[in-house]
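Read off the chains here:
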Amino acid sequence: MIPTWLLRDADRRQQELRAWKQRLLLTERLDGLEILDTTEPDAATLRGLYRELDTLHRWLGNRKAVLRELSGMGVGAQSRVLDIGCGQGALLATIRKRMGCAVVGVDIRGECAAESVTIVRADAARDALPQADVAVCVVMAHHLDPDALEAMICNVARSCDALVLLDLVRHPVPLALFRAFVAPLLSRIHAADGQTSIRRAYTAREMKAIVERATKVSGRPVKMLRHRVAPMWVRQVVMIRWG
Ligand SMILES: C[S@@+](CC[C@H](N)C(=O)[O-])C[C@H]1O[C@@H](n2cnc3c(N)ncnc32)[C@H](O)[C@@H]1O
C-alpha cells in the first residue's frame, strides 16, 4: 500500500512538470487576456498602439503576405475587401491604395477609423458581417476560443467568397525571437501583449483542425483551402475560397 503523502507528492511533481512544459514548450494554449483586452487607453494612446502594430506588420512581412494573397485572388478595382478585427483600419487603407478596391472593416471596439475607412462595430463570431468579395483577418484569430473561431469562419462564409486569415503560431521559436529581437523595440504594452499573443495562438495543427471543422459545419462548398506556415513559425496563413 502506497502512503497517501507519497501519492500527493507525486501528484504535485507531475503538476510542476506540466507547468514547466507549458512555460517552455507552450504545450497548452494560454487562457489569459492581453493588456489591451482589459484596459481602455485614451484615444491618442490607442491610435499610437495601432500605428505601432501596423509598423510591426510591415517589419515582419505580414502586410506583404496579405497583399500577395489578395493579388493572387485577382482583387482589383471592382472588388470589396472586408477586414475582420481591423483595429483602426490601417491595413484597409493600404489595400485600398494599392488595389484601388472598396474596403470596409469590422472590429469589436468599433473605434472611429484613423484612416477614413468605414468601420462597423460588431463581434465577428456572432453578428452579421458586411458583404464583401474577400475577407482578411490579421492577428485576430488568437483572440477567439476554438468555438468562436469556428463560428467566425462560418460567419465569413455567409458574407464573403474567400478568406485570408493570418495569425501567429504558438511555438517556442517565435516566442524566443520575439523576446530577443522585437520586444525591446516596442512599447511596454506591445512588448507584453506580443508574448501573451504567441502563448494564446493556435499551433499549426490546432488551426488546421479548426478550419477543417468550420468548413464542414458551414455547409458551403469549398473550392480551395490552403494552410501555410512560414519559416521559424513566424506566421500561419489560411486561405479559403468558397464555391
Ligand atoms: C491584435 S489586434 C489586430 C488589429 C489589426 N488586425 C492589426 O493587425 O493591426 C486584434 C483586433 O481584433 C479585435 N477583436 C477581438 N475580438 C473580436 C471580435 N470577436 N470581433 C471583432 N473584432 C475583434 C480587437 O478589438 C483588436 O482590434
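For the structure, see preceding data.
First, a word on scope: everything that follows refers to the structure included in this document. (Residues numbered from 1 in each chain as written. Predicted model: local features only at pLDDT ≥ 70, side-chain atom pairs only at ≥ 80, totals over all residues.)

Considering the sheet that holds strand E4 (residues 134–138)
Quick reminder of the rule: Two strands are counted as paired when DSSP detects at least two bridges linking them. Secondary structure elements are taken from DSSP: a helix is a run of H or I of four residues or more, a strand is a run of E of two residues or more, and numbering for both begins at the N terminus. The axes are straight lines fitted to the C-alpha atoms, using for helices just the contacting stretch, and the angles between their N-to-C directions are given from 0 to 180°. Whether two residues are in contact is decided by their C-beta atoms, placed from the backbone, lying within 7 Å.
In spatial order, the strands read E3-E2-E1-E4-E5-E7-E6; together these seven strands make up an open sheet with mixed pairing. Strand pairing shows two members of the sheet lacking a second neighbour, strand E3 (119–121) and strand E6 (222–229), which therefore form its edges. Sheet twist, expressed as the average angle between the axes of neighbouring strands with direction ignored, equals 15°. Where E4 and strand E5 (residues 162–167) come together, five bridges link them in parallel fashion. Of the residues in E5, the one forming a bridge with Val134 is Ala162. Helix H9 (residues 204–218) rests against E6 and strand E7 (236–242) of the sheet, and its axis sits at about 170° to E6.

Some words on the site of the ligand
Note the threshold: For each residue, a C-beta atom is positioned from the backbone; the residue is called near a molecule or strand if that atom sits within 6 Å of it.
In the region of the ligand, 18 residues are neighbours, and Gly85, Gly87, Ile108, Ala124 and His143 sit closest. In terms of residue count, the dominant contributor to the shell around the ligand is helix H3 (residues 43–60) (four residues).

Notes on the pairing of E5
In plain terms, the rule: We call a residue exposed when 12 or fewer other C-beta atoms sit within 10 Å of its C-beta, buried when the count reaches 20 or more, and partly exposed for counts in between; the C-beta positions come from the backbone.
Here E5 lies mainly inside the structure; six of its six residues are buried. Burial of the side chains of E5 extends over both faces: Ala162, Val164 and Leu166 are buried on one face and Leu163, Leu165 and Asp167 on the other. Summarising the sheet, E5 and E7 pair through six bridges and their orientation is antiparallel. From the neighbouring strand, Leu166 faces E7, where its bridge partner is Val237.

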